[in-house]
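Coordinate analysis (summary)
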Amino acid sequence: MGTLLGYDMTMTLNTVTLTEGTYAHDWERQLVSAAGPIFTIITAGIFFYVLRKKDNKYVYILLLIAFIQRFLAAAISLLNPNDEARISESLGIGKMTLPILVSLLLFGFVYKMASTYKYHWKFNLISFFIISIFIAALVFTDQTIIKPMVYN
C-alpha cells in the first residue's frame, strides 16, 4: 500500500515501514496500517467461501491462521497498539474497538465452519497452540534477527 502511495517501503517478515521519512498525511499512514488486516479479512472470506462449498481441513487451517493472526495482534495491541488499534485510536473509538470487531468477525467464520464440519474443540485447541507457537516464532525471529539485519 505504501508503495502504491508513492513511498519507498522496507519489508521484514512481520512488518512494513517507510524506508525513510514520514507520511505526508495521517490518512496515508492509516491506509498502510489497514492494508494488512484488510488483506487478512479478504483471504479469510475466500477461505470461508471455499469451505462453504466443500469441507477441506487444510483450507480450514488457513482460516484458523487468519483468525489467530488478528487475535494475537489484538492481544499485543493491549501493550503496543498496531494496525487496527492505531486506526481505532485515530478514529476516536477506543484503542480496542476495531481489534475486537475484526477478531469477532474472523472468529465467526471459524466458529461457523467448525460447527458445520464438526471440527472437535480438541482439534481447534491443539491447532490454536501450534499456530500460535509458529506465529510467535516468526515475530521473535523478525524482531531479533531480521530487523537488526535490515535496519543496521
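Look above for the structure.
Residues numbered from 1 in each chain as written. Predicted model: local features only at pLDDT ≥ 70, side-chain atom pairs only at ≥ 80, totals over all residues. Heavy atoms only, no water.

**Considering the pattern of salt bridges**
Enumeration over the complete set of coordinates arrives at three salt bridges. Of the charged contacts in the structure, one is a salt bridge between Arg-70 and Glu-84, with a shortest N-O distance of 2.6 Å. Of this pair, Arg-70 sits in helix α2 (residues 57-77) while Glu-84 sits in helix α3 (residues 84-90), and the two are 14 residues apart along the sequence. The exposure classification of Arg-70 matches that of Glu-84, with both residues buried. A salt bridge links Asp-83 to Arg-86, with the nearest nitrogen and oxygen atoms 3.5 Å apart. Taking relative accessible area as the criterion, Arg-86 reaches 22% and is therefore assigned partly exposed. Salt bridges sharing common partners tie together Arg-70, Asp-83, Glu-84 and Arg-86. (Salt bridge = Lys/Arg side-chain N within 4 Å of Asp/Glu carboxyl O. Helix = DSSP H or I, 4+ residues; strand = E, 2+ residues; numbered from the N terminus. Buried < 20%, exposed > 50% of the residue type's maximum accessible area, 1.4 Å probe, protein only.)

**Re the environment of Thr-43**
Along the polypeptide, Thr-43 turns up in helix α1 (residues 26-53). Looking at Thr-43, the relative accessible area reads 18%, which means it is buried. Here the alpha-carbon distance between Thr-43 and Ala-74, two residues 31 residues apart in the chain, equals 18 Å. Here the side chain of Thr-43 touches Thr-40 through a polar contact of 3.0 Å, landing on its backbone oxygen. (Polar contact = N/O pair within 3.5 Å; in protein donor to acceptor, adjacent residues only side chain to side chain.)

Functional significance is not addressed by these values, which are geometric in nature.
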